[in-house]
Structure formats: structure tokens, C-alpha cells
Amino acid sequence: MNSRTDTPVTVIGLGLMGRALAGAFLRAGHPTTVWNRTTSKADQLVAEGARLAPTVADALGAGSLTIICVTDYQAVYELLGASDGELDGKTLINLTSGDSTQAREAAQWAGQRGAHYLDGAIMAIPSAIGTAEAVILHSGPRPDFEAHRSTLDALGTVTYLGADQGLASLYDVAGLAMMWSVLNAWLQGTALLRTAGVDAATYAPFARQIAATVAEWLPGYAEQIDSGSFPAEVSALETDARAMAHLIEESETVGVNTELPKLFKSMADRSIAAGHGGEQYPVLIEEFSRPRKN
Ligand SMILES: NC(=O)c1ccc[n+]([C@@H]2O[C@H](COP(=O)([O-])OP(=O)(O)OC[C@H]3O[C@@H](n4cnc5c(N)ncnc54)[C@H](OP(=O)(O)O)[C@@H]3O)[C@@H](O)[C@H]2O)c1
């Protein structure tokens, strides 16, 4: 990581994550001003060289870049609302978790107060902050991101997604969907195999290989989704649906949970009923792209 070390940074919010962020800036050599509602959480950072601002307004005034990381967007407004005159001309990067609507609304709120606003999402635990393992997503105007990129590099692998302020939050939840889907599928297989005395550790390398193979399909399947054309080059959805029925039957036979396989099959069945049985699996994007019709 190549972080410019002379840029002053303010970090507002010193919970588990905020303390990790401020610590990474300090370790990279940035003059770091901090503020937290509970001031004692700044003690360690102050011992390491941070300046504890007496007020939020003072913290905002300490430099041109402020990172805020608190529980939720409501706390962001409560904290910054009373000192919003200080935002004029400053860059505010909000690493508080929230959804895309909240991010876009916060961008508008900050813009009305003259601030440059970037939204962000942290895909890491506090102990990873400051290492390449910590992926931190940003969205908002590119010039505002580029102006501070070298400073943000102190936090980890810093990624810019695009001008739409909501993108960081959307990528964040898209990543969670991926994570839970892979884990749930692995747990289903593990539950099945345990009925035959195969332990989780024995199945894990096999499952990992399947996940890697499926991951390789994604670019080609993405092309089908983006072009809106789903020729069955490998297998047709109706073939997959028959395999799904086997998965449900086997799960019932050996006495494990069938909720997940039934969910797969009900989505495939709806798509087949809509005339897509002869097309390839990614045609299911049409089921995923709208609320379920009852
Ligand atoms: N921890 C993680 O692994 C992780 C990972 C990714 C993203 N995040 C996100 O990072 C954000 C912070 O998480 P965290 O783990 O640092 O949480 P935390 O340890 O619970 O800290 C919450 C912070 O928000 C402040 N806060 C909450 N409500 C406030 C209010 N009304 N006014 C003023 N300050 C308020 C707290 O101040 P006090 O100290 O005074 O209570 C504290 O600084 C969250 O949005 C979280 O989703 C966390």
C-alpha cells in the first residue's frame, strides 16, 4: 500500500471499527484527529499520537478529510447535524453500514451543506484494517475519491466502484448474498453426507473444488444475462430442475432439512412454467429480478 502520510485525517466514531480505522491512519503517519461520544474510547489512540477533538465541530475543522463510522445513518445525522456548517468544502467519507437509499440521501444531505461526499462499505473485521485483506468499497464522484485515494490506502485494499453513491452498499449486500448462498449450499451437502458418516472436514475440500468450478462459470453466464439470451449450451433448466428433485428426495429420504432445495426448485419451476425450461440456468435472473408473485 502506498499511503501519503502527511495528510491530516479526522475520524468520528471510535467503536471497534472506528478505532481500527484511526489506528491505521496513525500507523501510516497521518496527523489524526478523533472524536467519540464516549471519550474514554479515544484513550489508547491519544496515547499513540492522536488528537482528541473537544467537539464534533472542532474535529470537522481539523482538516479537509473526515471519515465517519458509527452504528447507523441516524447517528451520522445526529452527530453532524449540529455542526453542519463545518462541512462546507470538506470531504466526508461515510463508512457506516447502511442501504443504498440511505447512502444516496446522505450524499444529498451533505451536498446541500457544501461537502464532497463519498459513501463506503467495509468488507473486513477491525483486526484486518490496515492490511491488504481489508477490502473497503467506495462510491461517489471519482474526483473526490481520487483526491484522497493515497490517504485511504492506509486502510487496506481500497476500491472505487462508480459515481452512484448507492453502489458501495449494493456491492456490500451482493457480497453477503454470495457468502451466505455458498455457505448454505455447503451446509446442505455436509448435512447430507454426515448421515453416511462423512464428516465436514472430509467433504470440505470436495465442496471447495465445486465452488471454484462454479465460480469459473460466472463470466460466461454474466454474458448471457447482459445480452438477455440464454441458449442451453451446457444444460437446460428443465434438466437442472430434475436434479433438484433428486436433491429434495434424497434430503427427505435421509432425514435432513429440505427448505433450501425446495426454494431452488420452486424458482426453477416458476421459470419453466413461464416457458424457459429449454434455456440455460442464468435465465433465472428473471425470477431474481422481481418480487415473488403469489
Ligand atoms: N465491527 C465490524 O466487524 C464491522 C465490519 C464492517 C462494518 N462495520 C460497520 O462499522 C460501523 C461501526 O461498527 P462498530 O463495530 O465500530 O460498532 P460499535 O463498536 O458498536 O461502535 C459504534 C459507534 O457508534 C457510536 N454511536 C452510535 N450511536 C451514536 C449516537 N447516537 N451518537 C453518537 N455516537 C453514536 C458509538 O459511540 P459510543 O462509543 O459513544 O457508544 C461508537 O463510536 C457499523 O455501521 C458497522 O456495521 C463494522
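The structure under discussion appears in the preceding block.
Residues numbered from 1 in each chain as written. Predicted model: local features only at pLDDT ≥ 70, side-chain atom pairs only at ≥ 80, totals over all residues. Heavy atoms only, no water.

> Tell me about helix 10 (residues 259–276), and name the residues and values.
Of all the residues in helix 10, the buried ones are P261, K265, M267, A268, S271 and H276. Seen end-on, helix 10 carries its buried residues on one side only, within an arc spanning 160 degrees. Residues of helix 10 that are exposed and point more than 90 degrees away from the buried face comprise E259 and A273. Structurally, helix 10 contributes buried residues whose contacts are with helix 7 (167–194), helix 9 (237–254) and helix 11 (285–288). (Buried < 20%, exposed > 50% of the residue type's maximum accessible area, 1.4 Å probe, protein only. Helix = DSSP H or I, 4+ residues; strand = E, 2+ residues; numbered from the N terminus. Arc of directions from axis to C-beta. Contact = heavy atoms within 4.5 Å.)

> Can you break down the sheet that holds strand 3 (residues 51–52) residue by residue, with the values?
Across the sheet, eight strands lie side by side as 3-2-1-4-5-6-7-8; this open sheet has mixed pairing. Each edge of the sheet is formed by a strand with only one pairing partner; in this case those strands are strand 3 and strand 8 (157–162). Two elements, strand 6 (residues 116–123) and strand 7 (residues 135–139), share five bridges in a ladder whose sense is antiparallel. Of the residues in strand 7, the one forming a bridge with M123 is V135. (Pairing = 2+ DSSP bridges.)

> Describe the environment of G175, with residues and values.
Mapping G175 onto the fold places it in helix 7. Judged by relative accessible area, G175 falls into the partly exposed class, the value being 26%. On a C-alpha basis, the gap between G175 and A241 in space is 26 Å, while along the polypeptide they are 66 residues apart.

> A description of the site of the ligand should follow, citing residues and the corresponding values.
Near the ligand you find 22 residues, and of these M17, N36, T38, K41 and S97 are the closest. M17 is positioned such that a nitrogen or oxygen atom in its backbone is 2.8 Å from an oxygen atom of the ligand. For the ligand, the protein covers 75% of the area, taking 890 Å² as the surface of the free molecule. Structurally, the ligand is housed in the second largest pocket. Counted by class, the shell around the ligand contains eleven nonpolar, eight polar and three charged residues. (Near = heavy atom within 4 Å. Polar contact = N/O pair within 3.5 Å; in protein donor to acceptor, adjacent residues only side chain to side chain. Areas by Shrake-Rupley, 256 points an atom, 1.4 Å probe, with all protein chains shown as cover. 1 Å grid on protein atoms, 1.4 Å probe; cavity = no way out; pocket = protein on both sides within 12 Å on 5 of 7 lines; lining within 4 Å. Sits in = over half its atoms within 2 Å of the grid points. Nonpolar A, V, L, I, M, F, W, Y, C, P; charged D, E, K, R; others polar.)

> How would you explain the packing of aromatic side chains if you had to name every residue and give the values?
The final tally for this structure, using the stated rule, is four aromatic pairs. When the ring of Y77 is compared with that of W109, the centres are 5.2 Å apart and the planes differ by 70 degrees; the resulting orientation is edge-to-face. Within this pair, whereas Y77 is found in helix 4 (residues 73–81), its partner W109 is found in helix 5 (residues 100–112), the two being separated by 32 residues in sequence. A residue is classified by how much of its surface remains accessible, and W109, at 14% relative accessible area, is buried. When the centroid spacing of 6.0 Å and the interplanar angle of 50 degrees are considered together, the rings of W217 and Y221 count as tilted. (Phe/Tyr/Trp six-rings, centres within 6.5 Å; stacked < 30°, edge-to-face > 60°.)

> I'd love a proper account of the nonpolar core, names of residues and values included.
L21, I67, L95, I129 and L155 are the most contacted members of the largest nonpolar core, which has 31 residues in total. At the level of elements, strand 1 (9–12), helix 1 (16–27), strand 4 (65–68), strand 6, helix 6 (142–152) and strand 8 are the ones that each hand at least two residues to this core. A per-element tally of this core places helix 1 first, with seven residues. If near-sequence neighbours (up to four positions away) are discounted, L21 is found in contact with I67, C69, L95, I122, I129 and L155. Listed in part, the 21 residues of the second largest apolar core include W35, V70, Y73 and A107. (Core = buried A, V, L, I, M, F, W, Y, C linked by side-chain atoms within 4.5 Å.)

> So what about the layout of surface pockets? Which residues, and what values?
The space that makes up the largest pocket amounts to roughly 2200 Å³. What lines the largest pocket is a set of 46 residues, among which S181, A185, V214, F264 and Y281 lie closest to the centre. Contributions of two or more residues to the lining of the largest pocket are made by helix 7, helix 8 (200–227), helix 9, helix 10 and helix 11. Ranked by residues supplied to the lining of the largest pocket, first place goes to helix 8 with 15 residues. Partitioned by chemical class, the residues of the lining of the largest pocket number 33 nonpolar, nine polar and four charged. Taken as a whole, the second largest pocket holds about 550 Å³ of empty space. Lining the second largest pocket are 27 residues, and of these C69, V70, T71, D72 and A75 lie nearest its centre. Taken together, the elements giving at least two residues each to the lining of the second largest pocket come down to helix 1, helix 4 and strand 6. Classifying every residue of the lining of the second largest pocket gives twelve nonpolar, ten polar and five charged. (Points joined across faces, edges and corners; volume = space filled by probe spheres on them.)

> With reference to specific residues and values, describe the pairing of strand 5 (residues 91–94).
The alternating pattern of strand 5 places T91 and I93 and L92 and N94 on opposite faces, both of which are buried. Of the strand pairs in this sheet, strand 4 and strand 5 are connected by four bridges, and their pairing is parallel. The residue of strand 5 that forms the bridge with L65 is T91. Note that the unit made of strand 4, helix 4 and strand 5 has a crossover that is right-handed. Bridge count for strand 5 against strand 6 is four bridges, and the pairing is parallel. Counterpart to I93 in the pairing with strand 6 is L118. (Right-handed = clockwise from strand over helix to strand, strands pointing away.)

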